[in-house]
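Single-letter residue listing:
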Amino acid sequence: MISFANAKINIGLFVSRRREDGYHDIETIFYPVKMYDVVEMHAADSYSFETYGIHIPERGDNLCTKAYHLLKSDFPQIEPVAIKLLKNIPVGAGLGGGSSDAAFVLKALSEWNKLNLKAEELQKYAAKLGADCAFFVENKPVFATGIGDEFSEISLDLSTYWIVIVKPDIHISTAEAYSQVIPAAPEVDLCRAIKLPIQEWKYYIKNDFEFGIFDKYPVIQEIKHKLYEKGALYASMSGSGSAVYGIFEEEVNLDELEALGKVFHPVEL
Ligand SMILES: C[C@@](CO)(OP(=O)(O)O)[C@H](O)COP(=O)(O)OP(=O)(O)OC[C@H]1O[C@@H](n2ccc(N)nc2=O)[C@H](O)[C@@H]1O
Ligand SMILES: Nc1ncnc2c1ncn2[C@@H]1O[C@H](COP(=O)(O)OP(=O)(O)O)[C@@H](O)[C@H]1O
């Protein structure tokens, strides 16, 4: 079985409160983008996991392996599988690649083993693997609250725009990024702001991580400025960075940005 695990971008991100458990309450919009990891699953005698493509810095088990064991602990009938992951989504980029891989493993295992798990059940498992992970179960544009795992659907379609993602050679740890933000009540109602014309978003929709990250890594801010110079209607760092996206009315030549980071054009498969 082959799954194509897509990335996400955050449109606006307010960090409103530090919780007792060390996590933070946030308000953000998650929007799926057409940039994919490939997760291949084969029947096997015992569980195994291999990765290809972009190197993933080791930090314990891969999220795909964690997803497998998590579901297997509640459903012992799950057959052993060999998972091969072709990693294309940049790591430590704020694009949610690891969370997406894990969510797609949960979905694939449920389907393959005919567990018939509903979206809400899969979301509960996903939330145990990472705050972002539950979003990828349904994978639709949502306004997210809580630690980023409570959703209300929104109507937002950017399919007629040209989205570009620029990833400098900087790996940002999500935990470290959160530790540098001073939480504050959101200044703007994101669900209302998102209904404004896109060229007005820049006046209202901001990402609270940018301030600290731009200070530490000025090149990320430079990428954002360049995207605006090139005509982006809206540009922002995604999540805790380091990737920056631009939303354009139409395709433009961004060769100049290659000097600052790798330029990706999300496309339909
Ligand atoms: C910042 C966001 C915005 O969408 O995305 P990324 O930039 O990572 O893609 C997310 O909140 C990241 O979600 P995710 O990457 O799944 O986080 P987790 O693995 O659960 O947590 C990693 C660490 O980030 C911190 N964390 C995460 C989520 C949250 N709401 N509050 C936090 O304080 C905690 O210190 C936690 O130990
Ligand atoms: N399948 C995976 N893909 C990417 N990162 C993974 C994966 N499994 C575990 N990780 C760990 O999660 C960390 C953050 O992953 P990533 O999804 O790129 O985060 P972010 O969206 O915060 O940029 C990586 O540095 C890596 O140590």
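Residues numbered from 1 in each chain as written. Chains lettered and ligands numbered in written order. Predicted model: local features only at pLDDT ≥ 70, side-chain atom pairs only at ≥ 80, totals over all residues. Heavy atoms only, no water.

## Some details on the site of ligand 2
Rules: When at least one non-hydrogen atom of a residue lies within 4 Å of a molecule or strand, that residue is treated as near it. Two N or O atoms count as a polar contact when they lie within 3.5 Å, although within protein this holds only if one can serve as hydrogen donor and the other as acceptor, and sequence-adjacent residues are included solely when both atoms are side-chain atoms. Accessible surface area values rest on a Shrake-Rupley calculation with a 1.4 Å probe, where residue burial reflects the displayed protein chains alone. Numbering goes from the N terminus for both helices and strands, where a helix is a DSSP run of H or I of at least four residues and a strand is a run of E of at least two. When residues are sorted by character, Ala, Val, Leu, Ile, Met, Phe, Trp, Tyr, Cys and Pro go into the nonpolar class, Asp, Glu, Lys and Arg into the charged class, and all the rest, Gly among them, into the polar class.
The environment of ligand 2 is formed by 19 residues, the closest being G92, A93, G94, G96 and G98. Taking D101, its side chain carries an N or O atom lying 2.9 Å from a nitrogen atom of ligand 2. In the model, an oxygen atom of ligand 2 is placed 3.1 Å from a nitrogen or oxygen of the H171 side chain. Taking 540 Å² as the accessible area of ligand 2 by itself, protein coverage stands at 91%. For the shell around ligand 2, the secondary-structure elements that each account for two or more residues are β4 (81-87) and α2 (97-112). No other element matches the three residues that α2 contributes to the shell around ligand 2. When its residues are assigned to classes, the shell around ligand 2 shows eight nonpolar, eight polar and three charged.

## Topic: helix α3 (residues 119-129)
Heads up, the rule is: Burial status follows relative accessibility: with a 1.4 Å probe on protein chains alone, a residue under 20% of its type maximum counts as buried, one over 50% as exposed, and anything between as partly exposed. Note that the arc is defined by the directions from the helix axis to the C-beta atoms. In what follows, a contact means two residues having at least one pair of non-hydrogen atoms within 4.5 Å.
Within α3, burial applies to L122, Q123, Y125, A126 and L129. Down the axis of α3, the sector holding all buried residues measures 165 degrees, keeping them to one side. Exposed residues on α3 whose side chains face more than 90 degrees from its buried face are K124 and K128. Where α3 is buried, its residues meet α1 (63-74), α2, α4 (135-138) and β6 (150-153).

## What about the state of the cysteines?
This is how the line gets drawn: Two cysteine sulfur atoms make up a disulfide if the distance between them is within 2.5 Å.
According to the stated counting rule, one finds zero disulfides in the structure shown. Free of any disulfide, C133 has its nearest cysteine sulfur in C64, 9.7 Å distant. C133 sits in the buried class, given a relative accessible area of 1%.

## A few points about the environment of K226
The topology assignment puts K226 in helix α9 (residues 218-229). Separated by 73 residues in sequence, K226 and E153 place their C-alpha atoms 32 Å apart.

## Structural notes on the UniProt feature "binding site: ATP" (unreviewed entry) in the chain
So the rule is basically this: UniProt positions are given in the numbering used here, feature names are shortened, and annotations may be inferred rather than shown by experiment.
The UniProt record annotates "binding site: ATP" (unreviewed entry) at P90, V91, G92, A93, G94, L95, G96, G97, G98, S99 and S100. Assignment of secondary structure puts G92 in the loop between β4 and α2. With respect to the secondary-structure elements, G96 resides in the loop between β4 and α2. A relative accessible area of 13% places G96 in the buried class. When neighbours within four sequence positions are excluded, G96 is seen to be in contact with K8, D132 and F136.

## Description of the packing of aromatic side chains
Spelled out, the test is: Whether two aromatic rings pair depends on their centres lying within 6.5 Å, for rings of Phe, Tyr and Trp, where Trp uses its six-membered ring; planes under 30 degrees apart make the pair stacked, over 60 edge-to-face, and the rest tilted. A ring has a charge above it when a Lys NZ or an Arg CZ is no more than 6 Å from the ring centre and no more than 35 degrees off the ring normal.
All chains considered together, the criterion is met by 11 aromatic pairs. Ring centres 4.9 Å apart and planes at 70 degrees place the aromatic pair F135 and F136 in the edge-to-face group. F136 shares its class with F135; the two are buried. Three or more aromatic residues link up through ring pairs in this structure, and these residues are F30, F135, F136 and F151. K107 extends its terminal NZ or CZ atom over the ring of F104, reaching a point 3.9 Å from the ring centre.

## Details of the site of ligand 1
For clarity, the threshold we go by: Annotation comment: domain bounds sourced from an automatic or database domain assignment.
Residues in contact with ligand 1 amount to 22 residues; listed here are only the nearest, H24, A131, T174, Y178 and S240. Between ligand 1 and K8 there is a distance of 3.0 Å, counted from an oxygen atom to a side-chain nitrogen or oxygen. At 3.0 Å from an oxygen atom of ligand 1 is found a side-chain nitrogen or oxygen belonging to N10. Burial of ligand 1 by the surrounding chains reaches 84%, relative to a free accessible area of 690 Å². Secondary-structure elements contributing two or more residues to the shell around ligand 1 are β1 (2-18), β2 (24-43) and α5 (174-179). Here the shell around ligand 1 is composed, by residue class, of 10 nonpolar, 10 polar and two charged. Split by domain, the shell around ligand 1 shows at least three residues from each of two domains, domain 1 (2-153) and domain 2 (162-264).

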